[in-house]
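# Working through the structure, step by step
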Amino acid sequence: MNPIELTLGIMTAVGGFVDISQLVFSGQAGSVFAYSLISAFAISTIGIMVFGEMCGRVAAVAHQPVFSLIRHRLGLKLGLVTLIASFVSTLVTTAAEIGGLGMILNHLTGAPYLLMCVVSTAALIASMWILPFKWIERTYGLLGLFMIVFLVALVAIHPPWDRIAGGLVPQVPRGLSTKELLKYGYFVVAIFSAVMFPYEAYFYSSGGIEEKWGTKDLLTNRVTSIVGMGLGSFLSIAILAIAAQLFAPTGVAPQVPGSVALQAAIPLGKVGLIAALLGMLFAVAGAAVETCMANAYSLAQFFGWEWGRHKRPWEAPRFTISWIVVMLVALAIVMTRVEVMSLVGYSIVFSILVLPLSYLPLMLLANDKGYMREYANKWLAQSLGWLFFVLVTVAAVAAIPLYLLTSGGQS
């Protein structure tokens, strides 16, 4: 295990983990329900650790990315349904990320929002064309480490650490009305979806194959997926805890990235505000790249095209055209002036519906000793995998009713 590669992998996972949906739901969860939803972040983070490690292990041993598994394990018809649903949810998520970038750049520069969306898209396409896969990961991931300012801000406001620790225990706040209980349920589902977005599995497993992982990389994969994703989720919990202390008493719920950045500005001043906006900018940009690439990976792997950023763009033409078109269509969605927060809500609901179909083939192959040999799931990974599969299936069933009954968490 190369210590330098491991350190960079962990730092990359931390920097690129928090996207626009987690920013929004972290701040809102803390401002509306104080510390009680910390457990939802903690539990769903264990879930993405389990499936992330599984994705990396399957990529290293069987050299199979997720959508190849979906095609072979679910069959053509059900696999195609999964592909379409996943493509739509990830496309909407890409649009939300681009809209988020436009809003953040608008806060930083004062330039018009839609112009900043166009500039962001052009910069993302240029970086994806020029940079190899490893440096795409590292550039956005490492620059996203500006997000650590939220941990500094949390310490600076001297929060009630005992209440934060208590939030790790699953609970439902007392005295909630029926409407508030429904809203609480929606936030639990939304947090699970935001943390366990299926595009993360698609991107992570494809990345392992891009970097030619083998069995020698299994320990690196395990440490990176557990420590990196764990620390990344800790940033979301920090945002939630700051909102619980600063915004909950006043009844203010952060609705846009700028109000989330204020959580660092209040205790740390202008330096905190700029660091927060820069961290959010690069973290969301990294998420935009990951979602766009995830869709291109999915299409190429399902239909058997040449794919990979390790190839020159013209060596995998359909893959290259796919990610460019995905980015441009996402921009076109934003240019219709649809609200970014509406896009976030749509992406959350679509994504949670796809989770069971995304993770089932992965579980089946990771359990298969014929493919995985001695590297197949042991009892702990198998037990946790099935447990979280049941949880995301229940969340998928509940997602649409809760979304409709709460108007996307607004009522």
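The sections below set out a description of the structure shown in this document. From a predicted model like this one, the values you see are computed outputs, not experimental measurements.

## A word on the overall build of the protein chain
A count of helical and extended segments in the protein chain gives 16 helices and 0 strands. Relative to its length of 411 residues, the protein chain is compact, with a C-alpha radius of gyration of 20 Å against a globular reference of 22 Å. C-alpha extents for the protein chain along the principal axes are approximately 55 × 45 × 45 Å. Expressed as a percentage of the 411 residues in the protein chain, the buried residues total 58%. Long-range pairs, those at least 24 residues apart, make up 83% of the contacts in the protein chain between residues at least 6 apart in sequence.

## Side note on the nonpolar core
Most often, soluble globular proteins keep nonpolar side chains buried together rather than apart. In this structure, Leu23, Leu37, Met147, Phe150, Met196 and Phe319 are the most contacted members of the largest nonpolar core, which totals 131 residues. Residue contributions to this core peak at 22 residues, all from helix 12 (residues 257-303). Setting aside residues up to four positions removed in sequence, phenylalanine 319 forms contacts with Met293, Ala296, Tyr297, Ala300, Trp305, Glu306, Trp307, Gly308 and Arg309.

## A word on a nonpolar patch on the surface
A cluster of nonpolar residues, Leu80, Ile84, Val88, Phe303, Tyr346, Phe350, Leu353, Ile400 and Leu404, forms a patch on the protein surface that exposes about 780 Å² of accessible area. When contributions to the nonpolar patch are tallied by element, the ones reaching two or more residues are helix 4 (66-109), helix 14 (340-366) and helix 16 (379-405). Looking at the element boundaries, valine 88 is found in helix 4. On the accessibility criterion, valine 88 (32% relative accessible area) is partly exposed.

## Remarks on the side chain of serine 86
By secondary structure assignment, the location of serine 86 is in helix 4. In this structure serine 86 comes out as buried when scored by relative accessible area, which is 1%. Once residues lying within four places of it in the same chain are set aside, the contact partners of serine 86 are Phe67, Tyr202, Asn295 and Val354.

## Side note on the packing of helix 2 (residues 20-33) against helix 11 (residues 218-246)
Here helix 2 crosses helix 11 at 35°, and the two axes come no closer than 7 Å. Considering how the two elements wind past one another, helix 2 and helix 11 form a crossing that is right-handed. Residues Gln22, Leu23, Ser26, Gly27, Ala29, Gly30 and Ser31 of helix 2 pack against Ser236, Ile239, Leu240, Ala243 and Ala244 of helix 11. When grouped by side-chain class, the residues that make up the contact of helix 2 with helix 11 number 6 nonpolar, 6 polar and no charged.

## Focus on the environment of alanine 285
Mapping alanine 285 onto the fold places it in helix 12. With relative accessibility at 6%, the residue alanine 285 sits in the buried group. As for alanine 285 and lysine 212, which are separated by 73 residues in sequence, their C-alpha atoms are 25 Å apart. Those residues in contact with alanine 285 that lie beyond four places of it in its chain are Leu101, Leu124 and Tyr140.

## Re the packing of helix 2 against helix 12
Between helix 2 and helix 12, whose axes approach to 10 Å, the crossing angle comes to 150°. Compared by their axis directions, helix 2 and helix 12 come out roughly antiparallel. Between helix 2 and helix 12, the contacting residues are Ile20, Leu23 and Gly27 on the first element and Pro257, Val260, Gln263, Met280 and Val284 on the second. Classifying every residue of the contact of helix 2 with helix 12 gives 6 nonpolar, 2 polar and no charged.

Parameters and conventions
- Residues numbered from 1 in each chain as written.
- Predicted model: local features only at pLDDT ≥ 70, side-chain atom pairs only at ≥ 80, totals over all residues.
- Heavy atoms only, no water.
- Helix = DSSP H or I, 4+ residues; strand = E, 2+ residues; numbered from the N terminus.
- Rg over C-alpha atoms; globule rule 2.2 N^0.38 Å.
- Buried < 20%, exposed > 50% of the residue type's maximum accessible area, 1.4 Å probe, protein only.
- Contact = heavy atoms within 4.5 Å.
- Core = buried A, V, L, I, M, F, W, Y, C linked by side-chain atoms within 4.5 Å.
- Patch = residues over 30% accessible without salt bridge, like charges linked within 9 Å, V, L, I, M, F, W, Y side chains within 5 Å.
- Areas by Shrake-Rupley, 256 points an atom, 1.4 Å probe, with all protein chains shown as cover.
- Salt bridge = Lys/Arg side-chain N within 4 Å of Asp/Glu carboxyl O.
- Axes fitted to C-alpha atoms, helices over the stretch in contact; angles between N-to-C directions.
- Left-handed = near helix turned anticlockwise from the far one by under 90°.
- Nonpolar A, V, L, I, M, F, W, Y, C, P; charged D, E, K, R; others polar.
- Parallel < 35°, antiparallel > 145°, perpendicular 65-115°, else oblique.

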